[in-house]
Amino acid sequence: MTPRGIGMGASGVVVAILGIGLASPVLVWVGVSMAATVLIAALWLITSVAMFRKRFPDAWRTVAPHPLTAGGNGTVNVSIRTAKHRQRLGISNALASALDVREQAAAELTGGLSTKATVGRSAEELRLDYQVHPTHRGRWPLGPALVKISEPLGMIWADVAAGSVEHVPVWPRIVDLTAATGALMGQADRVVMGARTPSADDSSLRDYRDGDDLRRVHWKSTARRGTMVVRADERAGVRPATVLLDLPVNPVAAEWSISAAASVAVSVLASGHPVRLVGANAPPEAGEVHDAHNRDSARSRILNATLDLEVPSNRDTALEHTRAAARAAVNEAAYGEVVIAVCDPLAGDILASLVPLGEAGRAWAIVRCGDGPRQDERAEQTAATLSRSGWKVVTASVRDDLSSVWSELVAGGST
């Protein structure tokens, strides 16, 4: 109820009671009429809401681009229109112009700011257009659209929901690293073809996976090993890469790490190389090889896999995820894949399992620091250990520019 409605109803009750006390039928009728006016307004509103829902049963929403990307912009268009078989029930332009339409949106989609919408009204459609500025990765609620309806005297109003809540996916912030990534993958291919590779034949083989072209099966090695293997790189320049993500428990640091790992993975794809993303609590499909032949589809699958990554509740959980990811990276590296790690300072057993990968000259790492002197010291120790074993390593904090960090790593890092 509006202040006017509250005042009308309360005044009616007071006047009716006063009329009864003074034995004045006129005052009683005046009071009853005032109170009845509020009741009639309520019935009018209820009827209006029911008619609106019948005439405008749903809302159609489009979000572009879809999914959105953190740090980017997007446009939302909401259309509340009469169903086709009810076009004749459209409301008048006068009534349409009196309706106030708006939409609910999560703060993660609007940047915590109010949205400025353009509203269009006609007898058949109410249209709402506005901009969103997503700031966080994830799936965030958008809607429903709310239409404010009131009765003619303005004593009672109601918000009527049109449409349903839609959870809009927002990809992590992506930094274009493609130019430097091509150089990094080129280094890996030169190392594989050089003297540092113990067996050029074995280094280019991996286990057969469903969907692999049978023409790529290496029958000689299959017979020798007893399991089917295929050539991992049929031509120079397409060596696969595994991006290993170690997710910290700090939410801000976790988002930076996810953004860095996702940026690396999509830049590897853009440079023409297959890639997989392992680690954290990524879904199994993220660990599959995403072929660069269909880059747009592969890019979408990798970024979709990051949508539901959850920050570990404690360091023990994070360590278990990282141990599993390290095992996967070690297994794939045995077949010639490049390994690129985005990690916090590593526990001793995980570090020991990754150290041998440096011997092949196909391992790079970004070690996160910046959480205090103790963490910085551990980050330096991790970087030094990896570097001594042949890894190329840089340390970086969430305040550092990822493009600069990546360029430094590709240029040589710590070796």
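Fair warning: this is a prediction, and the values are worked out from it, not measured in the lab.

1. Quick notes on the packing of aromatic side chains
Turning to step 1, where the next piece is worked out: For the coordinates displayed, the defined rule picks out 0 aromatic pairs.
Turning to step 2, where the next piece is worked out: The cationic tip of Lys148 hangs over the ring face of Trp157; the distance from NZ or CZ to the ring centre is 4.8 Å.

2. Remarks on the sheet that holds strand 15 (residues 363-368)
Turning to step 1, where the next piece is worked out: Read from one edge of the open sheet, 5 strands run 13-12-14-15-16, paired in parallel fashion. Each end of this open sheet is capped by a strand with a single partner; those strands are strand 13 (275-279) and strand 16 (392-396). Averaged over all pairs of adjacent strands, the angle between their axes in this sheet comes to 15°, without regard to strand direction.
Turning to step 2, where the next piece is worked out: When strand 14 (residues 338-343) meets strand 15, the two strands line up parallel, connected through 5 bridges. Bridging across to strand 15, Val339 finds its partner in Ala363.
Turning to step 3, where the next piece is worked out: Along the sheet, helix 10 (residues 315-333) makes contact with strand 12 (241-245), strand 13 and strand 14, crossing strand 12 at roughly 165°.

3. So, unusual backbone geometry
Turning to step 1, where the next piece is worked out: Omega for the bond connecting Ala64 with Pro65 falls within 30 degrees of zero, at -5°, which places this linkage in the cis form.
Turning to step 2, where the next piece is worked out: Inspection of the secondary structure puts Pro65 in the loop between strand 1 (59-64) and strand 2 (68-69).
Turning to step 3, where the next piece is worked out: A cis amide bond links His66 with the next residue in sequence, Pro67, at an omega value of 0°.
Turning to step 4, where the next piece is worked out: Residue position: Pro67 is located in the loop between strand 1 and strand 2.

4. A look at the confidence of the model for the chain
Turning to step 1, where the next piece is worked out: Chain-level statistics for the chain give a pLDDT mean of 82 and a share of 83% at 70 or above.
Turning to step 2, where the next piece is worked out: In this model, residues 192-203 is a region of pLDDT below 50 whose contacts with residues beyond four sequence positions or in other chains number 22 contacts.

5. A look at the side chain of Ser267
Turning to step 1, where the next piece is worked out: Note on placement: Ser267 falls in helix 8 (residues 251-270).
Turning to step 2, where the next piece is worked out: Under the relative-accessibility criterion, Ser267 is labelled buried at 2%.

6. Focus: the environment of Ile17
Turning to step 1, where the next piece is worked out: If you trace the backbone, Ile17 turns up in helix 1 (residues 3-21).
Turning to step 2, where the next piece is worked out: On the accessibility criterion, Ile17 (55% relative accessible area) is exposed.
Turning to step 3, where the next piece is worked out: It is 8.6 Å that separates the C-alpha atoms of Ile17 and Leu27, two residues lying 10 residues apart in sequence.

7. Considering the sheet that holds strand 6 (residues 125-132)
Turning to step 1, where the next piece is worked out: Pairing is antiparallel across the open sheet formed by 4 strands, whose spatial order is 1-3-6-5. In the strand order of this sheet, the two ends are held by strand 1 and strand 5 (118-121), each with one partner. Each strand of the sheet is rotated relative to its neighbour by a mean of 10°, with strand direction disregarded.
Turning to step 2, where the next piece is worked out: Sheet analysis places strand 3 (residues 74-81) next to strand 6, joined by 8 bridges and oriented antiparallel.

8. Some details on a nonpolar patch on the surface
Turning to step 1, where the next piece is worked out: A cluster of nonpolar side chains, Leu214, Trp219 and Met228, forms an exposed patch at the surface whose accessible area comes to about 320 Å².
Turning to step 2, where the next piece is worked out: Mapped onto the elements, Met228 comes out in the loop between helix 7 (219-225) and strand 11 (229-231).
Turning to step 3, where the next piece is worked out: Met228 gets classed as partly exposed once you look at its relative accessible area, which sits at 32%.

9. Quick notes on helix 9 (residues 295-306)
Turning to step 1, where the next piece is worked out: A rise of 1.5 Å per residue sets the reference length of helix 9, with its 12 residues, at 16 Å; its end C-alpha atoms lie 17 Å apart and thus fit the reference within 8%.
Turning to step 2, where the next piece is worked out: Buried within helix 9 we find Ala298, Ile302, Leu303, Ala305 and Thr306. Looking straight down helix 9, one finds its buried side chains confined to an arc of 155°; they lie on one side.

About the cut-offs
In this numbering scheme, every chain counts its residues from 1 along its sequence in written order. For this predicted model, a pLDDT threshold of at least 70 governs which residues receive local features, and a threshold of 80 or more governs which side-chain atom pairs are given and counted, while totals over whole chains, interfaces and linings are taken from all residues. With hydrogens and water stripped out, all remaining heavy atoms of the structure feed into the side-chain values. Pairs were defined over the aromatic rings of Phe, Tyr and Trp, the Trp ring being its six-membered one, requiring ring centres within 6.5 Å. Orientation was assigned from the angle between planes: stacked under 30 degrees, edge-to-face over 60, tilted for the rest. Over a ring means this: the NZ of a Lys or the CZ of an Arg is within 6 Å of the ring centre and within 35 degrees of the ring normal. Pairing between two strands is assigned when DSSP locates at least 2 bridges connecting them. Runs of E in the DSSP output that reach at least two residues are strands. Runs of H or I that reach at least four are helices, and both are numbered from the N terminus. Comment: axis = line fitted to C-alpha atoms, over the contacting stretch for helices; angle = value between 0 and 180 degrees taken between N-to-C directions. Contacts are assigned to residue pairs with any non-hydrogen atoms lying within 4.5 Å of each other. Here pLDDT means the predictor's own confidence in every residue, given as a number from 0 to 100. Remark: exposure states derive from per-residue accessible area (1.4 Å probe, protein chains only) relative to the maximum for the residue type, with buried under 20%, exposed over 50%, and partly exposed in between. Here the term patch refers to residues with relative accessible area over 30% and no salt bridge, with like charges joined within 9 Å and nonpolar side chains (Val, Leu, Ile, Met, Phe, Trp, Tyr) within 5 Å. Computed with the Shrake-Rupley method and a 1.4 Å probe, the accessible areas treat only the protein chains shown as cover for residues. Put simply, a salt bridge is a Lys or Arg side-chain nitrogen that is within 4 Å of an Asp or Glu carboxyl oxygen. An expected span of 1.5 Å times one less than the residue number is assigned to each helix. What the arc describes is the spread of directions from the helix axis to the C-beta atoms.

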